[in-house]
Amino acid sequence: MKRFFARNAPAYVFLLPWLIGFFLLALGPILASLYLSFTRYDMVSAPRWIGWGNYEYMFTRDRRFWKALEVTFTYVALAVPARLIMALGVAMLLDKGLRTIGLYRAIFYLPSLLGASIAIAILWRQLFAADGVVNQVLAMVGIQGASWITDPDTSLYTLVVLAMWQFGSPMLIFLAGLRGIPRDLYEAAEIDGTPRWRQFTRITLPLLAPVIFFNLVLQTIDSFKTFSSAFIISNGTGAPADSLLFYTVYLFNEAFKFFRMGYASALAWFLLVIIATFTAIAFFTSKYWVHYENERD
Amino acid sequence: MAGLTLRNVGKRYGAMSIIQGLNLDIHDGEFLVLVGPSGCGKSTLLRMIAGLEDISEGTISIGGKVVNDLPASKRELSMVFQSYALYPHMSVRKNLAFGLQNFKVSGAEVERRVAEAARILQIEQLMDRKPRQLSGGQKQRVAIGRSIVREPQLFLFDEPLSNLDAELRVQMRAELASLYARLGTTMIYVTHDQVEAMTMASRIVVLRGGKIEQFGTPQELYTRPQNLFVAGFIGSPKINMLQAKAKRGAGGTVVSVAGMPDFAIAELPTDDQALTLCVRPSSLRVGNGDITGEGTVRLVEYLGSETLLHIALSSGQVLLVSDNGRTSYRMGDAVKIGFDLPDLHYFDSRGQRIEVIQNESQAQ
Ligand SMILES: Nc1ncnc2c1ncn2[C@@H]1O[C@H](COP(=O)(O)OP(=O)(O)OP(=O)(O)O)[C@@H](O)[C@H]1O
Ligand SMILES: [Mg+2]
């Protein structure tokens, strides 16, 4: 034990800033919020212990909680596949066409980086507003567009479309994965007369499965946590008619609008459970569909 | 099965010309080997035939049909890659069947062909393994099996044995040769290993810098190399090269080589003064020949079946002599070194072969 520390001391010195940050800024608040989730706390008077009260209220009496779950799950179910398909599509185009030039990759990444930003969310709001660009274009071909964002039937889909445009980081990971597939596999397939579509389904997809898996887990977690775009487009309320009441938006309102810190903490912990569950499912099912090149059996 | 014709075939990458004006007629059922140093364009040429690279100039025809604009899949050929290119996520069985399933081949027929290929290549017990669970030689067999099941009219091989160790290479070489004997399909085989080329080919193309240096049977290449490059490239240990001067006089030409006695030849069909003489190590001997010189043993390499002697002439040039291995020379020994005139190859100052008429009396 002593030897271990002696030998690794320099490593710990370098890790120190991170360790301090982790314990003070991450682990501390995490544990505090776990405690708070069992209390009633309005940030003025001291937290009061109420046991499972918050969780009980959440599952049995809070209709907005269920609405938030519904909105968030719908969004995740649509946005994650949409984004991954978009990311894979663009990655394949880049892998084929613009093989050499790194600049193009940066250009393609750019809107995605912006896509995550608040500015783009605001821009999105104007694009899809009742008199926004989208409707103006539709009007030119004689279609009367809906007021996409203020109509509860369509508002969520505008966010799914926005999510598609945030394909940047999964796209880069796909691109790296595609580059890792030896070209001569496709050449062998080509000589053997394999149609492009079969090359894609029988060679590209199986060999890309570990990367798809990685992106799927990452994007699922990310999408459950979607906040800024929903917050901005719904003016921070989840309107219209709670159709954009994302889980995080609801949590934020409970915490910082109504100062129900204890309840908000309970909401946060349940979100953690959801994300952990999905990650676990993905992990334990992966062996049935992911081919790892270096696995041993 | 089909023959192959190349007419003025060229390949350019941008301004860079990789292959220029290549003409070749490959007979139906021939085992053609492409050899040449690294980067001479062997793979490129093979890939042009396969349809993996487009043809910048000229035409390629397979079985009398121009295939320039035919996609790879329609050329009825199969290719074995140096890297094997096995699909890593599929079992051996699926690897073998995959290509067939693209053509209108019935399930029963696919099974029959896969089983047949597995039997020929003795990989029946490996059918359910994944490529990563195979040794190099086994992977190689699967790769060959994958091309056999297609029953193509033309087989292409790009250095299929270069990733194997020496022993396995010899074994696979023999297996490929017997496979060829049994199928009789036209094969084009790329290698930079001249032993592979010599042992397997019905004819060899020696390529250098995208041009054909010589095209002929292994015997022709060995006994009558058309230029210095082929002379040096074919044959192991490497041929000896000697600078020589030719002096014309009455009744013949006198050839002089530094460190050896002058000798006369009847006729030299060139005006060049500077010649290069080549003689194979196996044609040199320690002792007397038609021409005999003096030398000193510099190095003895005992190889078992033969001994390679490095012998320095008085001029300082070192010649390789292949000795039968039953003699025992040591470094520093002064020895006689001899060769017979018919074993000499003559090349002019541009490195092209010249046929020399030997002086009858001396060649006795
Ligand atoms: N895509 C390409 N773009 C430009 N030049 C290329 C390309 N592919 C090959 N070359 C060049 O063409 C020449 C011939 O390459 P090729 O792969 O045919 O050589 P090779 O004879 O197969 O060599 P080796 O024995 O090393 O495999 C090389 O000089 C190579 O650099
Ligand atoms: Mg090559």
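Since the model is a prediction, treat every value here as computed from it, not as a measurement.

What counts, and where the lines are drawn
Within every chain, residues take consecutive numbers counted from 1 along the sequence as written. Each chain is given a letter, starting from A, and each ligand a number, starting from 1, according to the order in which they appear as written. Selection of residues for local features in this predicted model requires a pLDDT of at least 70, selection of side-chain atom pairs for listing and counting requires 80 or more, and totals for whole chains, interfaces and linings are taken over all residues. In computing side-chain values, all of the structure's heavy atoms are included and hydrogens and water are not. By the criteria applied, helices consist of DSSP H or I runs no shorter than four residues and strands consist of E runs no shorter than two, each listed in order from the N terminus. We call a residue buried when its accessible area falls under 20% of the maximum for its residue type, exposed when it is over 50%, and partly exposed in between, using a 1.4 Å probe and counting protein chains only. In this description, contact between two residues means that some pair of their heavy atoms is separated by no more than 4.5 Å. Methods summary: accessible areas were calculated by the Shrake-Rupley approach with a probe of 1.4 Å, and residue burial reflects only the protein chains presented. Only four residue types enter the charge count: Lys and Arg as positive, Asp and Glu as negative, with His and the chain ends excluded. To locate a charge, take atom NZ for lysine, CZ for arginine, CG for aspartate or CD for glutamate. Between any two strands, pairing holds if DSSP finds at least two bridges. We define buried area as the total accessible area lost by two parts upon association, computed with a 1.4 Å probe and summed across both. By salt bridge we mean one thing: a side-chain nitrogen of Lys or Arg within 4 Å of a carboxyl oxygen of Asp or Glu. The definition of a polar contact used here is a pair of N or O atoms within 3.5 Å, where within protein one atom must be able to donate a hydrogen and the other to accept one, and adjacent residues in sequence count solely through side-chain atom pairs. Amino acids are sorted into nonpolar (Ala, Val, Leu, Ile, Met, Phe, Trp, Tyr, Cys and Pro), charged (Asp, Glu, Lys and Arg) and polar (every other residue, Gly among them). What counts as a ring pair is set by centres within 6.5 Å for rings of Phe, Tyr and Trp (its six-membered ring), and what kind of pair is set by the plane angle: stacked under 30 degrees, edge-to-face over 60, tilted for all other angles. Residue proximity to a molecule or strand is established when one non-hydrogen atom of the residue lies within 4 Å of it. Between N-to-C directions, angles span 0 to 180 degrees; the directions come from axes that are lines fitted to C-alpha atoms, helices contributing only their stretch in contact. Here roughly perpendicular refers to angles of 65 to 115 degrees, roughly parallel to angles under 35, roughly antiparallel to angles over 145, and oblique to all remaining angles. Should the near helix be turned counterclockwise from the far one by less than a right angle, the crossing is left-handed, whereas a clockwise turn marks it as right-handed.

Undergrad: Now, about the overall build of chain B: what can you tell me, with residues and values included?
TA: What chain B contains, in helices and strands, is nine helices and 21 strands. Its C-alpha atoms give chain B principal-axis dimensions of roughly 80 × 45 × 35 Å. Going through the 364 residues of chain B one by one, you find that 53% of them count as buried. Of the contacts formed within chain B by residues at least 6 apart in sequence, a portion of 68% connects residues at least 24 apart. Looking at chain B as shown, the accessible area adds up to about 16000 Å², and 48% of this sits on carbon and sulfur atoms. For chain B, the distance from the average position of its 40 positive side-chain charges to the average position of its 38 negative side-chain charges is 7 Å.

Undergrad: An account of the overall build of chain A is needed here, citing residue identities and associated values.
TA: The secondary structure content of chain A amounts to 13 helices and two strands. The principal-axis extents of the C-alpha atoms in chain A amount to approximately 75 × 75 × 35 Å. Burial status across chain A gives 41% buried among its 297 residues. Across chain A, every contact between residues at least 6 apart in sequence was considered, and the portion connecting residues at least 24 apart equals 67%. For chain A, the computed accessible surface area is about 16700 Å², with 71% contributed by carbon and sulfur atoms. The averaged location of the 18 negative side-chain charges in chain A is 8 Å from the averaged location of its 24 positive side-chain charges.

Undergrad: So, the pairing of strand E4 (residues 57-62) of chain B: which residues are in play, and what are the values?
TA: Residues and elements named next belong to chain B. Looking at chain direction, strand E1 (residues 4-13) and E4 are connected through five bridges and run antiparallel. By the bridge assignment for E4, glycine 10 is matched with glutamate 57. Two elements, E4 and strand E5 (residues 65-66), share two bridges in a ladder whose sense is antiparallel. Bridge pairing in E5 links isoleucine 62 to lysine 65.

Undergrad: So, the interface of chain A and chain B: which residues are in play, and what are the values?
TA: Taken together, the contact between chain A and chain B spans 22 residues of the former and 25 residues of the latter. Buried surface at the junction of chain A and chain B, both sides included, amounts to about 2000 Å², of which 56% is carbon and sulfur. At the boundary of chain A with chain B, the tally comes to two salt bridges. Between arginine 150 of chain B and aspartate 192 of chain A there is a salt bridge, with its nearest N and O atoms 2.7 Å apart. Between the two partners, chain A and chain B, sit 11 residue pairs in polar contact (both at pLDDT 80 or more). Elements represented by at least two residues in the side of chain A that touches chain B include exactly helix H9 (183-191) and helix H10 (196-224) of chain A. For the side of chain A that touches chain B, the element with the highest residue contribution is H9 of chain A, accounting for seven residues. A breakdown of the residues in the side of chain A that touches chain B according to their chemical character gives nine nonpolar, three polar and 10 charged.

Undergrad: Describe the packing of aromatic side chains, naming the residues involved and giving the relevant values.
TA: Geometry of an aromatic ring pair is reported as the spacing of the ring centres plus the angle between the planes. Residue and element names in this part refer to chain A. Counted under the stated rule, the structure contains 31 aromatic pairs over all chains. Aromatic side chains phenylalanine 65 and tryptophan 66 sit 5.2 Å apart centroid to centroid with 70° between the ring planes, which places their arrangement in the edge-to-face category. Each residue in the set Tyr35, Phe38, Trp49, Trp52 and Tyr55 is aromatic and connected to the rest through ring pairs, giving one cluster.

Undergrad: Could you give an account of the site of ligand 1, with specific residues and numbers?
TA: All names here are of chain B. All residues adjacent to ligand 1 are Tyr13, Met16, Ile18, Ser38, Gly39, Cys40, Gly41, Lys42, Ser43, Thr44, Glu159 and His192. Interatomic distance of 2.6 Å between a side-chain N/O atom of serine 43 and an oxygen atom of ligand 1. When ligand 1 is considered free in solution it has 640 Å² of accessible area, and contact with the protein chains removes 60% of it. If you list the elements that add at least two residues to the shell around ligand 1, you get strand E2 (16-26) and helix H1 (42-50). By residue number, the principal contributor to the shell around ligand 1 is H1, which donates three residues. Looking at the shell around ligand 1 residue by residue, the classes come out as four nonpolar, six polar and two charged.

Undergrad: So what's going on with the sheet that holds strand E9 (residues 203-208) of chain B? Which residues, and what values?
TA: All names here are of chain B. Strands sit in the order E6-E7-E8-E3-E9-E10 across an open sheet of six strands; the sheet is mixed. Each having just a single partner strand, strand E6 (77-80) and strand E10 (211-216) make up the two edges of the open sheet. This sheet shows a mean twist of 15° between the axes of neighbouring strands, independent of strand direction. Bridge count between E9 and E10: five bridges; the pairing is antiparallel. For arginine 208, the partnering residue across the bridge sits in E10 and is lysine 211.

Undergrad: Let's hear about the pattern of salt bridges: which residues, and what values?
TA: Enumeration over the complete set of coordinates arrives at 26 salt bridges over all chains. Among the ionic pairs, arginine 12 of chain B bridges to glutamate 57 of chain B, the shortest N-O distance being 2.1 Å. Taken as a pair, arginine 12 of chain B in strand E1 and glutamate 57 of chain B in strand E4 lie far apart in primary sequence, 45 residues in all. Among the residues examined, arginine 12 of chain B registers a relative accessible area of 39% and is labelled partly exposed. Within this structure, Glu187 of chain A together with Lys11, Arg47, Glu53 and Asp54 of chain B form a network of salt bridges that share partners.

Undergrad: Go over the packing of helix H3 (residues 63-96) of chain A against H10 of chain A, please, and point to the residues and values.
TA: Residue and element names in this part refer to chain A. Following both chains from N to C, one finds H3 and H10 inclined at 135°, their axes separated by 10 Å at the closest point. Comparing their axes, H10 and H3 come out oblique. Taken as a pair, H3 and H10 cross one another with a handedness that is right-handed. Of the residues in H10, those touching H3 at Thr72, Phe73, Tyr75, Val76, Val80, Arg83, Leu84, Leu88 and Met92 are Phe200, Leu205, Leu208, Asn215, Leu216, Gln219, Thr220, Asp222, Ser223 and Phe224. Taken together, the residues of the contact of H3 with H10 break down into 12 nonpolar, five polar and two charged.

Undergrad: Requested: an account of the side chain of asparagine 54 of chain A, with residues and values cited.
TA: Residues and elements named next belong to chain A. For asparagine 54, the position within the fold is in helix H2 (residues 53-60). A polar contact of 3.4 Å, which involves the side chain of asparagine 54, links it to the backbone oxygen of glycine 262. With near-sequence residues (within four places) excluded, asparagine 54 lies in contact with Leu36, Ser37, Phe38, Thr39, Gly262, Tyr263 and Ala266.

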